[in-house]
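Topology and contacts: notes
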Amino acid sequence: MADSAYQFRIHPAIGIARVGNSAEYHLGPETMTGMPAPPDGTVTGGLPIRAGTEDEPITSGDLRDSDGALKRQAARFRIYAYPEEQADAYPSGAGTEIRIGSEIGGRTVADIVWTVHLANKKANSYVLNDDLGIHLYEPEHQQRLFVRNAQDGTDLGSLERLNRLVIDPGPRAIQGKETGPVRFDRETTPCAGDGARIKPVPRYPKAFPCDRYDELYEPTGRIDTLGELLTDEHGRLLVLPAPGRACGRYMPDGKPYPLIGDLLSPGVYGDVNADGWFDDTGDGPVTAVLVFEDGGTQPVHGAWAITTDPGYAPQIRNVVTLWDDIYDTWVRELGLQPELFNGREFDLGYRPAFDDELAPLFRAAAQQRWTTNLPERAVDAHESVGSIDADSDPADTVMTGLAYIRDPANTEQSHVGPPYMPLAMGDAGLAFLTVTPTQYFLLQQWDQRLADPGGGPRLGPGEHLDKAVLTNCLGGRFAPGIEMTFIVREEDIYRTDWRESGCGPFRLRARDLDYGSARPDRPFLTVGYIPLHPAPGETAPLEPGDATKFMAVPWQTDYNSCATHNVAPNLPKSTTLFWSWPAQRPVQVHRAQDVRGEQLGPQYYSVRGEGTESEDLGEVGRYQKLLDSVIHWHRIGFVLQGSRIDGDGGAGHSADQYLEVAGQLDNGTSEEPKIDPWPMNSDHWDDFSGAKYSRPSP
């Protein structure tokens, strides 16, 4: 019996779990990344939460276990009830958490039955094209649409390809308090929630690489799991990821397939399309059913889980986060907030709230100095951006209003480097990064002195989780990205009936999965979602594995390569290096161990040590042999706020500094490459209008 007085939703709508090679874990961050976090604002948001606590942020000592292995990050899902009359508003400011033992509408919740289905479809997807991004899927580019692993045939829907290339452990279900683990492994029988009980699915066709190939190259161990489920003391769900392994097939000559893609399939781009390889990340739907003491049940609007790379700088905010991209899509395409965007244009009467809608962008720009090699004058300029407050006159700030901010509607500016900002590489077909159209409009209102001090409308606790989790993720440059990619800008992946159904915004549209139809001799999952190509009569719902199959395979090689690159759209002879993902993928760092008082030590590459050396400045700061990135990714250090670093002998670090800790890549010598201030290795300085950046020494 459903309770029609309320709508029940799982939050966050999209949860993020991150791999680690330890059996131990902490919980994913639930505070706004880069911003002062409650209760007193002294800790910067974005830190993971210590396992076994409600909201206690970790310190550096929590990153690794006693053996030095990297702890995993679990995604924590909760259920909230919304009064029917508030269920179609955003933000509603509403939402009451429902746990086992909660009373709602005069009824007591006796149990919660959760079902999750994770899968990995990367090997049975299309080759990524950095130049085109999602435009690759438009009809005019069909001739450039190639499949990964073409040696296995070119029909993504063939049973043979699906059987060989999709990693699919099937669904898993869990209920009660402090139960589990329930593992997504080869040995555990698939099961799914069936009303108030859990029903085995013994005929489900589980599929792992080691089931399909007699021999695999497994440099860090076998891929035989995609993670596990736990519940906490309140019956909330924890989705834990796999250990972060990658494995490769052998070619007919007996050698493993190479980790760089352009040796095999046509049209393959570098380090993101390794034919013959698998990794153990993935994604899939999260559903739940409330079970009441009176025997009745209540289905809950579902969510989605993503398992992905570690967050090596969790408190450093991207200028464009995954939240910013998703929010922009919902504002401009899905009618989220008509008072901001009326379906045709932004409302010039809208007054952004400085603390919630503008300060995060300024703060992000300031923080990137801790993960890049900006020269001293540029560091000062970025810190000045971070000091902008609600009382600042835009024209008098270091930004001089919007003089240096690229307009996303002006594609010419997207191909011009300094003095335009942000100073990072752009998305497909665009040399340099721009903020989203929504971000730019909010900045325009600020520039016209139309921003209000303070925060905006209050988010409900579930709405807060939706936003906070996604601010910890990468947006802007989806080439292909880290957690999710260009599909987040496509309205057809979301539930657009969010007002009518009461499901709330930001939910991925999940395909109905009939586990009763599973057969052991036939793959259960299909090709699934393809951008801009919905099947006839369908609107492209997502299956398990569809949200991450457009990502790099394996992820480690893409992370390794996305340090600095040469982009010279308006300087044909320039060799200046620009950053790819400077917040999410730290390039240069200051080590905590080198700090003396307020005095920082030298900068080092975050990926350094044996195997990273190169005479080419454009290639340092990464492993020269891609296999090393597969083997050593968990040894990379983390950038944390100084006040969250466990000091030697109790000595603390400044809360204003963000320093590398827990790294295992130092080679014990002083032979690390010298890091010059940016721009490095440029031979056309006179072409950089606005010489506010100091020139590096020869």
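Residues numbered from 1 in each chain as written. Predicted model: local features only at pLDDT ≥ 70, side-chain atom pairs only at ≥ 80, totals over all residues. Heavy atoms only, no water.

The name given to the protein in an unreviewed UniProt entry is LodA/GoxA family CTQ-dependent oxidase, with the source organism recorded as Actinomadura vinacea.

Regarding the confidence of the model for the protein
Of all residues in the protein, 92% attain a pLDDT of 70 or more, and the chain-wide mean is 91. Confidence over residues 683–698 falls short of pLDDT 50; this stretch has 35 contacts with residues more than four positions distant or in other chains. (pLDDT = per-residue confidence, 0-100. Contact = heavy atoms within 4.5 Å.)

Description of the packing of aromatic side chains
Taken as a whole and judged by the stated rule, the model has 29 aromatic pairs. Residues Tyr217 and Trp277 carry aromatic rings whose centres are separated by 6.1 Å and whose planes lie at 85° to one another, so their mutual orientation is edge-to-face. One end of the pair, Tyr217, is in the loop between helix H2 (209–212) and strand S12 (225–231); the other, Trp277, is in strand S15 (residues 277–279), and 60 residues separate them in sequence. The exposure class of Trp277 is buried, given its relative accessible area of 1%. Taken together, the aromatic side chains of Tyr90, Trp323, Tyr327, Trp330, Tyr494, Trp498 and Phe506 make up a single cluster linked through ring pairs. The ring of Phe292 has Arg107 lying over it, and the distance from NZ or CZ to the ring centre is 3.9 Å. Directly above the aromatic system of Trp370 lies the positively charged group of Arg369, at a separation of 3.8 Å from the ring centroid. (Phe/Tyr/Trp six-rings, centres within 6.5 Å; stacked < 30°, edge-to-face > 60°. Helix = DSSP H or I, 4+ residues; strand = E, 2+ residues; numbered from the N terminus. Buried < 20%, exposed > 50% of the residue type's maximum accessible area, 1.4 Å probe, protein only. Lys NZ or Arg CZ within 6 Å of the ring centre and 35° of its normal.)

Digging into the pairing of strand S4 (residues 72–83)
Across the twelve residues that make up S4, a large majority, eleven, are buried. In the sheet, strand S3 (residues 25–27) pairs with S4 via three bridges, with the strands oriented parallel. When the bridges of S4 are listed, His26 appears paired with Gln73. Bridge analysis of S4 against strand S5 (residues 96–98) gives three bridges, and the strand direction is antiparallel. By the bridge assignment for S5, Ala81 is matched with Thr96. (Pairing = 2+ DSSP bridges.)

Details of helix H4 (residues 354–367)
Its 14 residues place the ends of H4 18 Å apart at the C-alpha level, agreeing with the 20 Å of an ideal helix rising 1.5 Å per residue. Of all the bends in H4, the largest measures some 30° and sits at Pro360. Among the 14 residues that make up H4, eleven are buried, leaving the element largely enclosed by the rest of the structure. Each element contacted by the buried residues of H4 is listed here: helix H3 (322–333), helix H5 (376–386), helix H6 (437–447) and strand S23 (658–661). (Expected span 1.5 Å × (residues − 1). Bend = angle between axes of the 7 residues up to and from the residue.)

Digging into the pattern of salt bridges
Using the criterion set out here, one finds 37 salt bridges in the structure. The shortest N-O distance in the salt bridge between Asp232 and Arg236 comes to 3.5 Å. Judged by its relative accessible area of 9%, Asp232 falls in the buried class. Judged by relative accessible area, Arg236 falls into the buried class, the value being 2%. Between Arg608 and Asp666 there is a salt bridge whose closest N-O contact spans 2.8 Å. Of the two residues, Arg608 is situated in the loop between strand S21 (603–605) and helix H10 (626–632) and Asp666 in the segment after S23; the sequence distance between them amounts to 58 residues. Among the residues examined, Arg608 registers a relative accessible area of 3% and is labelled buried. Take Asp666: its relative accessible area is 30%, and that puts it in the partly exposed class. A network of salt bridges, in which partner residues are shared, links Glu30, Glu54, Arg76, Arg78, Glu97, Arg99, Asp232 and Arg236. (Salt bridge = Lys/Arg side-chain N within 4 Å of Asp/Glu carboxyl O.)

Overview of a negative patch on the surface
A surface patch of negative charge is lined by Glu84, Glu85, Asp88 and Glu500. Within the secondary structure, Glu500 is located in helix H8 (residues 498–501). (Patch = residues over 30% accessible without salt bridge, like charges linked within 9 Å, V, L, I, M, F, W, Y side chains within 5 Å. Areas by Shrake-Rupley, 256 points an atom, 1.4 Å probe, with all protein chains shown as cover. Lys, Arg positive; Asp, Glu negative; His and termini not counted. Charge placed at Lys NZ, Arg CZ, Asp CG, Glu CD.)

Observations concerning H6
In terms of residue burial, H6 counts as a mostly covered element, since eight of its eleven residues are buried. Among the residues trailing H6, Arg449 stands out with phi positive, at a value near 60°.

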